[in-house]
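Each chain, written out:
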Amino acid sequence: MSEADRFDRVLDSLHAAALDLARWPRAATLIDETLGTHGSTLMSGDGGLDEGYRTFFMLTCLDGERRRDLERLWLENYYRVDEGTPRVRRLPFNQIFHITDIYTEEELKSSAAYNALRTIGHAGNAIDVRLRGSNGSRILWQINDPLDGEGWSSAQLEAIRRLLPQIRQTVCVHQALSAAGALGASLEALLEATGMGVIQLDRHGSIVEVNDCARSLLRDGSGLLYEDGSLFARAPEDDSRLQEILARALPPFRAQGAGGSTMVRRRGHLLPLALHIIPVEQQETDFRFWPVAALVLVVDPAKGADIDSAVVAAALDLTDVESRVAVQLAHGMSVREIAAAAGRKESTIRTHVKHMFDKHGLSRQSDLVRLVLSLTGSPGSRR
């Protein structure tokens, strides 16, 4: 089997796991086969950096098998005493780190937690990556040691980087389905999901079916459009990004598609829509009709009450003034409107925005808005 075929199998398994996280062990096994590694751990949680952190789930797979015993062992015996835990929670997002760089030289010799990772978990030379989840959550993906006992090759590290967007989307889709009460639902049952729009596409990208929530959003036309059987975004920049993801998700010649997520802005002061596009496993069927080939899950963050600026301040390490500005931007207000409402100069508001950019390594207001909107739905985020 070629490297491209192995990677396609991994993508297919991740898309299946996005719709049902119980299929994650299969995906983890294929990732091990592709990378040549002993296993991995996928975790998601939220809360403060040190206190109040909550773990949503922990999936440890080792040599092709899910190890619930190792999950319990870690959470019950090592989680609280692991010297690396608070450091991992401060790692920059989307960057690859060797686990040996997270501990001091002395801790590599004396830490009970690291010793357990090295001897029991085959993770003494693991790779750690921290990703942004949805609703203000964070994702940790730890890839265990290479099977050959050697260091990480450039090819292995590049393969990990290629997988990062798909790993993140797997968890974000799981969280969206969980919020809609639709975990493990069939394609037909997803259409009945509440609180989330569901659009089913065929292999040509034509709409097969939509649920009531998606139909309402399409009729509204403030962000998404339905023309000649196909899905579009009203704003040209957003539509270019949407069509790019749809083209990847629905490639020609039965090639394996890749999922993706994007934001679609709406007219007026409505909050942007979050879209998750997921290829659906191809199945042999009567050639006279096209099966569902991709799902578009549409999350409307405007449903519900306003985002609590206090939660934004705590989650993003912002001052009270910065958090209020961030929330106002997320609600569609311009810098000029925010300045007028606060009786301040525009330059003052822009200074606050720049400080927030510097804190999170951002360069565009749209990126800041996406970051704030990711907190929508998190515990306590709404009044």
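Residues numbered from 1 in each chain as written. Predicted model: local features only at pLDDT ≥ 70, side-chain atom pairs only at ≥ 80, totals over all residues. Heavy atoms only, no water.

## What about the sheet that holds strand E4 (residues 96-98)?
Part 1 of the reasoning: Spatial strand order, E3-E2-E1-E6-E5-E4: six strands in an open sheet with antiparallel pairing. Only two strands of the sheet have a single neighbouring strand rather than two, namely strand E3 (65-66) and E4.
Part 2 of the reasoning: Here strand E5 (residues 127-132) runs beside strand E6 (residues 138-143); their pairing, made up of six bridges, is antiparallel. Its bridge partner lying in E6, Arg132 is registered against Arg138. (Pairing = 2+ DSSP bridges. Helix = DSSP H or I, 4+ residues; strand = E, 2+ residues; numbered from the N terminus.)

## Observations concerning the pairing of strand E2 (residues 54-62)
Part 1 of the reasoning: Bridge count between strand E1 (residues 39-46) and E2: eight bridges; the pairing is antiparallel. In the strand pairing of E2, Thr41 is matched with Thr60.
Part 2 of the reasoning: Two strands pair when backbone bridges link them, and E2 and E3 are joined in this way by two bridges, in the antiparallel orientation. By the bridge assignment, Leu62 is partnered in E3 with Glu65.
Part 3 of the reasoning: The antiparallel hairpin formed by E2 and E3 contains two residues in its connecting segment, where Asp63 sits at a positive phi of about 50°.

## A closer look at the environment of Arg54
Part 1 of the reasoning: By secondary structure assignment, the location of Arg54 is in strand E2.
Part 2 of the reasoning: Look at Arg54 and you get partly exposed, because its relative accessible area is 39%.
Part 3 of the reasoning: Sequence separation between Arg54 and Gly133 is 79 residues, and the spatial gap between their C-alpha atoms is 14 Å. (Buried < 20%, exposed > 50% of the residue type's maximum accessible area, 1.4 Å probe, protein only.)

## Some remarks on helix H14 (residues 346-360)
Residues that lie three or four places apart on an α-helix share one face, since the helix turns once every 3.6 residues.
Part 1 of the reasoning: Here H14 spans 21 Å end to end across 15 residues, near enough to the 21 Å set by a 1.5 Å rise per residue.
Part 2 of the reasoning: Among all positions of H14, only Ile349, His352, Val353, Met356 and Phe357 are buried. Projected onto a plane normal to the axis of H14, the buried residues spread over an arc of 145° and lie on a single side.
Part 3 of the reasoning: Each element contacted by the buried residues of H14 is listed here: helix H12 (320-330), helix H13 (335-342) and helix H15 (365-373).
Part 4 of the reasoning: Two residues or fewer past H14, Gly361 is found with a positive phi of approximately 65°. (Expected span 1.5 Å × (residues − 1). Arc of directions from axis to C-beta. Contact = heavy atoms within 4.5 Å.)

## Quick word on the nonpolar core
Part 1 of the reasoning: One finds Trp24, Ile31, Trp141, Ile160 and Ile167 to be the most contacted residues of the largest nonpolar core, which totals 31 residues.
Part 2 of the reasoning: Listed by contribution, the elements that provide at least two residues to this core are helix H1 (3-19), helix H2 (24-35), E2, E5, E6 and helix H7 (154-179).
Part 3 of the reasoning: If near-sequence neighbours (up to four positions away) are discounted, Ile31 is found in contact with Val10, Leu14, Trp24, Gly36, Thr37, Trp141, Leu163 and Ile167.
Part 4 of the reasoning: In this structure, Leu316, Met356, Leu371 and Val372 belong to the second largest nonpolar core, which totals 25 residues. (Core = buried A, V, L, I, M, F, W, Y, C linked by side-chain atoms within 4.5 Å.)

## Thoughts on unusual backbone geometry
Part 1 of the reasoning: Backbone geometry at Asn94 places phi at a positive 65°, although glycine is not the residue there.
Part 2 of the reasoning: Among the secondary structure elements, Asn94 is positioned in the loop between helix H4 (85-88) and E4.
Part 3 of the reasoning: For Asp317, which is not glycine, the phi dihedral falls at a positive 55°.
Part 4 of the reasoning: Its location among the elements puts Asp317 in the loop between helix H11 (309-316) and H12.
Part 5 of the reasoning: With relative accessibility at 58%, the residue Asp317 sits in the exposed group.

## Remarks on the packing of H12 against H14
Part 1 of the reasoning: Look at H12 against H14: their axes get within 10 Å of each other, and the N-to-C directions meet at 95°. When the interaxial angle is binned, H12 and H14 end up roughly perpendicular. Note on element contacts: H14 touches H12 through Ile349, His352, Val353, His355, Met356 and Lys359, opposite Val321, Glu322, Val325, Ala326 and Leu329.
Part 2 of the reasoning: Class assignment of the residues belonging to the contact of H12 with H14 gives a composition of seven nonpolar, two polar and two charged. (Axes fitted to C-alpha atoms, helices over the stretch in contact; angles between N-to-C directions. Parallel < 35°, antiparallel > 145°, perpendicular 65-115°, else oblique. Nonpolar A, V, L, I, M, F, W, Y, C, P; charged D, E, K, R; others polar.)

## Looking at the pattern of salt bridges
When their charged atoms lie close together, side chains carrying opposite charge are able to pair.
Part 1 of the reasoning: Per the counting criterion, the structure on display carries 16 salt bridges.
Part 2 of the reasoning: One salt bridge connects Glu237 with Arg265, and the closest N-O pair in it is separated by 3.5 Å. With Glu237 in helix H10 (residues 236-249) and Arg265 in the loop between strand E11 (260-264) and strand E12 (273-279), this residue pair connects regions lying 28 residues apart in the sequence.
Part 3 of the reasoning: With a relative accessible area of 41%, Arg265 lands in the partly exposed category.
Part 4 of the reasoning: A salt bridge links Glu346 to Arg336, with the nearest nitrogen and oxygen atoms 3.4 Å apart. A residue pair is termed long-range when its members are at least 10 positions apart, and Glu346 in helix H14 and Arg336 in helix H13 qualify at 10 residues. (Salt bridge = Lys/Arg side-chain N within 4 Å of Asp/Glu carboxyl O.)

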